[in-house]
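Architecture and fold: a report
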Amino acid sequence: MTGLTVGVDVGGSKVLAVLADAEGAVHAEARHATPPHEDAPGVVVADTVAGAIDDLSREAGRALDGLPVGVGLPGMLDRDGVLAVSPNLPSASGADMAAVLAARLGGRAVVLANDADAAAVAEHRLGAARGVDEFVLVTLGTGIGGGLVVDGRLLRGAHGYAGEIGHVVVDPSGPRCPCGRRGCWERYASGAGVARLAREAAVSGRLASLVAEVGDPEAVRGEDVTHAAAAGDREALAVLDEVGWWLALGLANLAAILDPGLFVLGGTWPGTSRVGSAGAWSTWWRQSSGRGPARSARRCSRRTRSGAPPRGSPRGGPRPGPRRARTRSRRRAPPTRPWRSRSGRCSRRALGGRRRRACTRRRCARS
Ligand SMILES: [Zn+2]
């Protein structure tokens with residue numbers, strides 16, 4: 001084994017440490033739960049990272065003292081290692097993580113990166129984006145992270161904050177996001193988004209069989225919906241189709257801005273995502289079809305093996321050729337969604353013509 005390094009992924013729910021070699025092979029791993037909020041930002045997170053590395057050393061059966069450590073953190077990490085804002089890791093939000101981790105990990109060489117940026121570099125060098133110099137990595141977890149690779153290089157931005165795609169606003173009148181804005185993309189298409197849309201559907205009277213099983217509409221969780229969808233529950237599938245629509249909306253926006261040759265989708269929604277990802281794939285086909293050159297999407301090389309492309313698409317992900325994609329777009333109308341603005345006026349009715357006719361779908365006409 002040569003070129004061994006320690007990699008630590010700090011997420012909203014877990015801290016995962018791995019011992020990996022230069023080819024990306026993982027030789028040992030250890031995980032801890034992410035600590036709750038605390039008064040001294042970053043300190044408990046650093047303790048948890050150190051604990052995970054100690055467990056990793058025991059798992060690997062060797063000392064790891066001399067090995068470099070790479071730490072991926074969720075949120076806006078600036079070029080000096082300060083985690084300026086981290087909605088999904090409030091216990092470290094605002095902390096100078098470079099200083100805190102250096103103090104906690106002693107004389108180790110520590111490199112910090114935004115977690116999605118680190119994933120994008122890994123996919124470019126070792127994974128699904130090998131040989132592709134223009135691509136976007138999208139991580140679906142508690143929130144949504146992004147890594148943007150342009151001309152073969154990671155796009156970091158003036159301060160290091162580029163790629164916070166989960167906080168692009170897709171509905172200004174939408175639900176409040178922990179970042180302080182309303183209607184961020186990750187309020188709809190992340191694990192937290194699945195949970196929120198599932199609960200809203202249950203409270204509004206949908207998901208009747210699932211509510212009967214759980215007993216309380218407020219208690220319906222995202223994983224309940226994904227499990228019910230996997231069992232063929234039509235209403236649960238409709239909720240995941242709605243989530244997939246929001247996911248595809250964000251991808252289409254990114255395509256308009258960056259014109260990537262490839263999207264790499266990583267992470268999982270609650271309850272794993274075979275059904276959810278299939279819904280997202282098919283919706284992505286519909287949304288991206290017939291608009292400019294064909295683009296492709298692949299799943300992250302390691303974390304999303306359970307994902308499946310839609311029925312009929314080639315193995316390894318769809319290649320939306322314009323002719324086929326347009327055919328799909330005609331055949332299936334998009335799922336119903338809230339077209340009404342905050343004022344209550346339907347934005348599509350105001351447009352008239354074809355769009356007005358398109359707005360007579362059941363939910364919109366009823367609402
Ligand atoms: Zn946000």
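Look up: the structure comes first, before these words.
All values derive from a computational prediction rather than experimental measurement.

1. Looking at helix H3 (residues 115-126)
Here H3 contains 12 residues, and its C-alpha end-to-end distance of 16 Å stays within 8% of the 16 Å for a straight helix at 1.5 Å per residue. Turning to H3, its buried residues are Ala116, Asp117, Ala119, Ala120, Glu123 and His124. Burial along H3 is one-sided: seen end-on, the buried residues are contained in an arc of 160°. Packed against the buried residues of H3 are strand E7 (110-114), strand E8 (135-140), strand E9 (144-150), strand E10 (153-154) and strand E11 (262-267). For H3, the N-terminal capping position is held by asparagine 114, with its side-chain oxygen 2.9 Å away from the main-chain nitrogen of alanine 116.

2. Looking at the coordination of the zinc ion
Only His167 (ND1), Cys177 (SG), Cys179 (SG) and Cys184 (SG) from the protein coordinate the zinc ion, and they sit 2.1 to 2.3 Å from it. Within one chain, the residues donating to the zinc ion are spaced in sequence as H-x9-C-x1-C-x4-C. Judged by relative accessible area, cysteine 179 falls into the partly exposed class, the value being 26%.

3. A look at the sheet that holds strand E4 (residues 69-73)
Taken together, 5 strands build an open sheet; the order of strands is E3-E2-E1-E4-E7 and the sheet is mixed. With partners counted over all chains shown, the strands left at the sheet margins are strand E3 (26-33) and E7, one partner each. In this sheet, adjacent strand axes meet at a mean angle of 15° when their direction is disregarded. Two strands pair when backbone bridges link them, and strand E1 (residues 5-10) and E4 are joined in this way by 4 bridges, in the parallel orientation. The partner of valine 6 across the bridge, within E4, is valine 69. Helix H1 (residues 43-60) contacts E1, strand E2 (14-20), E3 and E4 of the sheet and is inclined by roughly 140° relative to E3.

Definitions and limits used
Residue numbers run consecutively from 1 along every chain, following the written order of its sequence. In view of the model being predicted, local features appear only for residues whose pLDDT reaches at least 70, and side-chain atom pairs are presented and counted only at 80 or more, with totals across whole chains, interfaces and linings using the full set of residues. As a convention, hydrogens and water are excluded, and side-chain values are obtained from all of the structure's heavy atoms. Each helix corresponds to a stretch of at least 4 residues labelled H or I by DSSP, and each strand to a stretch of at least 2 residues labelled E; elements are numbered beginning at the N terminus. Residue count minus one, scaled by 1.5 Å, sets the expected span of a helix. Classification of residues uses two cut-offs on accessible area relative to the type maximum, computed with a 1.4 Å probe and protein chains only: under 20% is buried, over 50% is exposed, and between them is partly exposed. Note that the arc is defined by the directions from the helix axis to the C-beta atoms. Any two residues whose heavy atoms approach within 4.5 Å at even a single point are treated as in contact. Between N or O atoms, a polar contact is any pair within 3.5 Å; within protein, one atom must be a potential hydrogen donor and the other a potential acceptor, and residues adjacent in sequence are included only when both atoms are from side chains. Distances define the donors: N, O and S atoms within 2.8 Å of the metal qualify, as do those within 3.2 Å of Na, K or Ca. Water is excluded, so some sites may look unfinished. Criterion used throughout: strands pair if DSSP finds at least two bridges between them. Fitted lines through C-alpha atoms serve as axes, helices being fitted only where they are in contact, and the angles separating the N-to-C directions of these axes extend from 0 to 180 degrees.

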